[in-house]
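Structural overview for review
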Amino acid sequence: MRPGFYGPSNLDYSGAVKLSLSFPLFNQFQRESDVVVAGVALHNAEAELRDTQLAARQALTDGLGQYRAAGHRVASQVATVEAAIEDLRVMSQRYGVGGSTLLDVLASQTQLDQARRDLIRARYDQRVAKARLEALVGRDL
């Protein structure tokens, strides 16, 4: 045979296979410490998930409440504008027949202007509340 091959002329070949296994019996409680740390990390992650879910539910509840309250304010302001329009109409008629002064008509006009501003603000608040809900939900309502 050629040199370098295993065979009867090769003296380096011993015909034995070695297998070694190492298992530490005591590692200064490192395994136990790792188990405890993993358990605490799991508990913290579960608590954080629960807190996030509750915060999302609270934000949805708050947003829905703001939207409904804004809707009620819009309805109330519509009624206020209608009442102010009627008051201005009555004051204008009374002024026409001499039953009220120009100051009364101007006061009624000022109340109507204020009622219209309040209605615009209420509608704006309702749209902002709706936009917040849409952002929270992630789709158009």
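Residues numbered from 1 in each chain as written. Predicted model: local features only at pLDDT ≥ 70, side-chain atom pairs only at ≥ 80, totals over all residues. Heavy atoms only, no water.

Remarks on the overall build of the protein chain
Test applied: Only DSSP runs of H or I reaching four residues or more are called helices, and only runs of E reaching two or more are called strands; each is numbered from the N terminus. Residue exposure (1.4 Å probe, protein chains only): buried if accessible area is under 20% of the type maximum, exposed if over 50%, otherwise partly exposed. Here, residues are in contact when the closest pair of their heavy atoms is within 4.5 Å. Note on areas: these come from Shrake-Rupley sampling with a 1.4 Å probe, and a residue is covered only by the protein chains present in the view.
When you go through the protein chain residue by residue, the secondary structure sums to two helices and zero strands. Here the protein chain holds 141 residues, and 15% of them are scored as buried. Across the protein chain, contacts joining residues at least 24 apart in sequence account for 66% of those joining residues at least 6 apart. For the protein chain, the accessible surface area stands at approximately 11700 Å², while carbon and sulfur atoms represent 59% of it.

Quick word on a nonpolar patch on the surface
We apply this condition: Here the term patch refers to residues with relative accessible area over 30% and no salt bridge, with like charges joined within 9 Å and nonpolar side chains (Val, Leu, Ile, Met, Phe, Trp, Tyr) within 5 Å. Salt bridges are counted wherever a side-chain nitrogen of Lys or Arg sits within 4 Å of a carboxyl oxygen of Asp or Glu.
On the surface, F23, L25, F26 and F29 cluster together into a nonpolar patch covering about 560 Å² of accessible area. Along the chain, F29 falls in the segment before α1 (30–96).

So, the nonpolar core
The line we're drawing: For the purposes of this section, nonpolar cores are sets of buried Ala, Val, Leu, Ile, Met, Phe, Trp, Tyr and Cys residues that join through side-chain atoms within 4.5 Å.
In this structure, V74, V81, A84, L88, M91, V105, L112, A115, L119 and A122 together form the largest nonpolar core, which totals 10 residues. Residue assignment for this core shows that the elements contributing at least two residues are α1 and α2 (102–137). Not counting residues within four places of it along the chain, the set of residues in contact with L112 comprises V81, A84, I85 and L88.

A word on the environment of L141
Along the chain, L141 turns up in the segment after α2. Apart from the residues within four sequence positions on either side, L141 is in contact with K130, L133 and E134.

Comments concerning the environment of A107
Here A107 shows up in helix α2. For A107 and M91, which are 16 residues apart along the polypeptide, the C-alpha to C-alpha distance reads 9.4 Å.

Examining the pattern of salt bridges
According to the stated counting rule, one finds three salt bridges in the structure shown. The salt bridge partner of R89 is E86, with a shortest N-O separation of 2.3 Å. Residue R89 and its partner E86 are located together in helix α1, separated by three residues, close to a single helical turn. Note on R89: relative accessible area 39%, which makes it partly exposed. In the salt-bridge network here, residues are joined through shared partners; they are R73, R121 and D125.

Some details on the side chain of Q77
Inspection of the secondary structure puts Q77 in helix α1. For Q77, a relative accessible area of 16% translates into the label buried. With residues up to four places along the chain from it excluded, the contact list for Q77 reads A115, D118, L119 and A122.

So, α2
Inclusion rule: To estimate the expected span of a helix, subtract one from its residue number and multiply by 1.5 Å.
For α2, spanning 36 residues, the distance from its first C-alpha to its last is 52 Å, which sits close to the expected 52 Å at 1.5 Å a residue. For α2, the complete set of buried residues consists of V105, S108, L112, A115, L119, A122, A129, L133 and E134. The secondary structure elements touched by the buried residues of α2 are α1. Two residues or fewer past α2, G138 is found with a positive phi of approximately 95 degrees.

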